[in-house]
Amino acid sequence: MANTAELTHAELDNIIDPPALVQGKDDLASITDTVCNVAENKPPRAWYIAFLISLGVLGMLGASIVYLVITGVGVWGNNQPVAWGWPIVNFVFWVGIGHAGTLISAVLYLFRQGWRTGINRFAEAMTIFAVICAGMFPAIHVGRIWVIYWVFPIPNQMALWPNFRSPLLWDVFAVSTYFSVSLLFWYMGMVPDLASLRDRAKKKMSRLLYGIFALGWTGANRQWHRYERVYLLLAALATPLVLSVHSVVSFDFATSQLPGWHTTILPPYFVAGAIFSGFAMVVTLAVPARALFGLRNLITMRHLELMNKVILATGLMVGYAYAMEFFISWYSGNKYEGFAFVNRAFGSYAWAYWIMVSCNVLVPQIFWFKRFRRSIPVMFVISIFVNIGMWFERFVIVVTSLNRDFLPSSWHYFSPTYVDFATLIGSFGLFLTLFLLFCRFLPQVAIAEVKLQTPHAHAHHGDDH
Amino acid sequence: MNPVNVNREPVLAPDLAARVSRVGLVLAVLGLGAGFALGAAEGDNLRHFFWAYLVGFAFFFTFTLGGLFFVLVQHVTGAKWSVSVRRMGEFAMNTVPALGIMAIPLLYPLLTNAGREEFGGLLWPWVQPHGEHADLVAMKEPFLNVPFFIGRMVFYLLVWWLMARFFMKRSLQQDTDRDPAYAPTIAMRKLSAPGIIVFALTLSFASFDWLMSTAPEWFSTIFGVYIFAGCVLTIHAWLVISSVFLQKQGYMKKEVNAEHYHDLGKFMTAFTVFWAYIAFSQFMLIWYANLPEETGFFHSRTTEAWKTMSYLLIVTNFFVPFFGFLSRHVKRKPKMLAMWAVYVLIVHWLDLYWLVMPSMSPESNPFGLIEVATTIGAFGLFLWAFARQGVRHSVLAYGDPKLGDCLAHENY
């Protein structure tokens, strides 16, 4: 490379020769060590503290659910007409969080994005735990949780079938399909790494447990060959799921005739929003995790910067959808539709609407600047803003449309109770407990895949350009 | 990855380009001329002609905007695989002036008094609101009025022209200047991200204006995305066709190989599915909610004369290409893929025809020579503008810093 005086080195890097995805010591064994040591050694003190706090918060979730089940859904702020209330807001929020994992592992794999390898395992785990949190909310929202199995089309003596024409039922299928495929994808990708942990294990118990889950993986050529075929096929099968789950969630709203819910852009808009919030959560978790477990060389600044770019891009898509909805609510000439949107922005929930717009559309614009995309404190704060904004988006959609019924005599302001708060915060306890257990016992980074991104993995390694 | 040794030479095909552009011009003159003559012979004040002309115009515009999107997205993502076919995309995007020429006759139905009383306008029926939806349409007057509409039309074309010029100029500069610091490439990369925002907004509103407002009482927030899906399909199909054609004529034999066709094929598969996803979302949500103000659009398309075509569209635009593209074999055989690409363009045209024409004639499908002629004319005009650029410029972006990576590219 010759005359590069007029350009900063970083600019040129981005075009021609981006920084390597694996930093630090230049050998394959050290990658295995870095990742496996986390599971083999005692975790840092911070892990114990975080785990205890999460466990406590999880206890709060348990207590509030027990209270709910023995008392009834009246303990929540749900009312008529806002019968959906926070449980459905939380459900949609958590399903959204659960989108980044499969996008990173499946869609980015098909797009040949090598940087996915540093974060995919991590994001997939997060996806699975988020979907667990999501699934809980509709189940407790039905009120009589002991008959929740009625949502499944099981023949029963009452000849009672779920309504197949209801998008709420499609949701059951969409989310459970997504959960099973994501789990399969996550587990299958982990098999070679579990075998590494098995082979390195010093204690009998861990050798046995890792051994069971490693499914007798030996790393033979034939196994790798099949593994890669299956991985590609699963990626292709999981890709439509990334779009379908949140599209079906959006149908819960959009098939209705309710102003503010019924709009055709909702499916792709929900998908973009889900990816947006999912990536924000990955950043929120990756920033402390890479510092705590010494993974800075595997989850590098370049990974974080690229994720911030995805956050910016998907945030803009969400902004596009807000703008289109607003424009068409006027253009349609439908006065109910027009009212719903003006009411969102200037009605009794205007505060929630403007929190949503600020957090989702305005704040991420700071990522246009490279300096901020690469600043750990800035990205951490913004990722939390985005999480807040995306929760509020679902709140705005659910509550503003419902609380203004067609009959003004039915209008009713929604206020959450302390049980609502305890359940929402408690769901974070569930999420973080599962996540911390994952960090402690399973390989957080896809060891084998990351190795493919090192210079050694390329045929021309060592050639002179 | 280390790039293979690249022989950075231009690929020049001026004679071929001149020949193709002449063919395009002949097609344009004959097609549009014949369409006009047929339209005039119908004695309906050219109403049928202008509706058919709009379908042709929309067909042209999806090539141009598809090209613009393709170029923008390659830069914003820093794509390597696509460098050798990108110049074709640049030629496609740089046809905005010809698109502008084609837009001029569209002023006639906006300004004439013909058809106003009877239909509300010769082409767009909101020029003078009439009939049972008159009040509703009149309410949209702040947006749907002739001066503002023309102003927006000029604005979209101007913006696209400026963007196309910027990217074309820089790309050619990168070839000829051999700037070792790749300043033009970096400039393109920097502008590509804001460019996509401008693209998304202008494309959406242009689709609302030109196509959605042919049924002015109807509305759909996803409509811009629907047209976008068609644009992306079109440009990938067009890149396949033009690359295969060039190779058949003896150019770009090494620069475009099975790996690149494979990727272009994958994008066509993906956007076939994406189109179906968007089309399904639009249809299903409107059908399910069954609100009178929205169902009119699909009602006229799923009853009487249009019923068969609507159902057929699901098969021709989704099932057939989806299963057609699934095989790896198909995507890696240039000639076979080119045949599929032609198929994609034809069904994409059908889609546009289906979007527009039932609004003119809900009771009968007016398909005839007039549509065929105007479409051939519109395509000819595009081809003329597209190929003309090959007379002066290399058909390969040979100065692109990522050309080596592109040539070494392999699928897994």
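Basis of the calculations
Residues numbered from 1 in each chain as written. Chains lettered and ligands numbered in written order. Predicted model: local features only at pLDDT ≥ 70, side-chain atom pairs only at ≥ 80, totals over all residues. Heavy atoms only, no water. Phe/Tyr/Trp six-rings, centres within 6.5 Å; stacked < 30°, edge-to-face > 60°. Helix = DSSP H or I, 4+ residues; strand = E, 2+ residues; numbered from the N terminus. Buried < 20%, exposed > 50% of the residue type's maximum accessible area, 1.4 Å probe, protein only. Lys NZ or Arg CZ within 6 Å of the ring centre and 35° of its normal. Contact = heavy atoms within 4.5 Å. Buried area = accessible area lost by both parts, 1.4 Å probe. Salt bridge = Lys/Arg side-chain N within 4 Å of Asp/Glu carboxyl O. pLDDT = per-residue confidence, 0-100. Axes fitted to C-alpha atoms, helices over the stretch in contact; angles between N-to-C directions. Left-handed = near helix turned anticlockwise from the far one by under 90°. Nonpolar A, V, L, I, M, F, W, Y, C, P; charged D, E, K, R; others polar.

### Observations regarding the packing of aromatic side chains
Then, in step 1: Under the defined criterion, the tally for this structure stands at 111 aromatic pairs over all chains.
Then, in step 2: Summarising the aromatic geometry, the rings of Trp 47 of chain A and Phe 51 of chain A are spaced 4.9 Å apart at their centres and angled 5° between planes, so their arrangement reads as stacked. Here the residue Trp 47 of chain A and the residue Phe 51 of chain A both occupy positions in helix α3 (residues 45-71), the gap between them amounting to 4 residues, near one helical turn.
Then, in step 3: For Phe 51 of chain A, a relative accessible area of 16% gives the class buried.
Then, in step 4: In this structure an aromatic cluster arises from ring pairing among Trp 86, Tyr 349, Trp 351, Trp 391, Phe 392, Phe 395, Tyr 413, Phe 414 and Phe 421 of chain A.
Then, in step 5: Over the face of the ring belonging to Phe 372 of chain A we find Arg 371 of chain A, whose NZ or CZ atom lies 4.8 Å from the ring centre.
Then, in step 6: For Arg 152 of chain B, the ring lying beneath its charged end belongs to Phe 143 of chain B, and the centroid distance is 3.7 Å.

### Concerning the interface of chain B and chain A
Put simply, an interface is often sized by how much accessible area is lost when its parts join up.
Then, in step 1: Facing 55 residues of chain B, the contacting portion of chain A comprises 48 residues.
Then, in step 2: In total, about 4400 Å² of surface goes out of reach between chain B and chain A, with carbon and sulfur atoms giving 69% of it.
Then, in step 3: Contact with chain A buries area across many residues of chain B, yet Thr 221, Leu 285 and Tyr 412 of chain B alone supply 17% of it, more than any other trio.
Then, in step 4: At the surface where chain B touches chain A, the tally comes to 1 salt bridge.
Then, in step 5: Among the ionic pairs, Arg 112 of chain A bridges to Asp 263 of chain B, the shortest N-O distance being 2.6 Å.
Then, in step 6: In terms of residues, the side of chain B that touches chain A owes the most to one element, helix α11 (residues 258-289) of chain B, which gives 13 residues.

### Section: the confidence of the model for chain B
Then, in step 1: On average, residues of chain B score 93 in pLDDT, and 99% of them are at 70 or above.
Then, in step 2: Across the interface, the model reports ipTM at 0.94; the global pTM reads 0.94.

### Observations regarding the pattern of salt bridges
Then, in step 1: In this structure the tally under the stated criterion is 18 salt bridges over all chains.
Then, in step 2: A cluster of three or more residues bridged by salt bridges with shared partners is formed by Arg 86, Arg 87, Glu 90, Asp 175 and Asp 400 of chain B.

### Some remarks on the confidence of the model for chain A
Then, in step 1: Residues with a pLDDT of 70 or more make up 94% of chain A, whose mean pLDDT is 89.
Then, in step 2: Predicted confidence is poor over residues 1-7 of chain A, with pLDDT under 50, and the contacts of this stretch with residues over four places away or in other chains come to 12 contacts.

### Quick word on the packing of helix α3 (residues 83-93) of chain B against helix α8 (residues 146-177) of chain B
If you want to describe how two helices pack, look at the angle between their axes and the distance between the axes.
Residues and elements named next belong to chain B.
Then, in step 1: At a minimum axis separation of 9 Å, α3 and α8 run at an interaxial angle of 145°. By crossing handedness, the relation of α3 to α8 is classed as left-handed. Together, Arg 86, Arg 87, Glu 90, Phe 91 and Met 93 of α3 and Ala 164, Phe 167, Met 168, Ser 171, Leu 172 and Asp 175 of α8 make up the contact between the two elements.
Then, in step 2: When grouped by side-chain class, the residues that make up the contact of α3 with α8 number 6 nonpolar, 1 polar and 4 charged.

### Looking at unusual backbone geometry
Then, in step 1: Residue Gln 80 of chain A is joined to Pro 81 of chain A through a cis peptide bond whose omega torsion reads 10°.
Then, in step 2: Of note, the phi angle at Leu 46 of chain B is positive, near 70°, even though the residue is not glycine.
Then, in step 3: Mapping Leu 46 of chain B onto the fold places it in the loop between α1 (14-41) and α2 (47-77).
Then, in step 4: A positive phi is found at Tyr 182 of chain B, a non-glycine position, where the angle reads about 55°.
Then, in step 5: Within the secondary structure, Tyr 182 of chain B is located in the loop between α8 and α9 (183-210).

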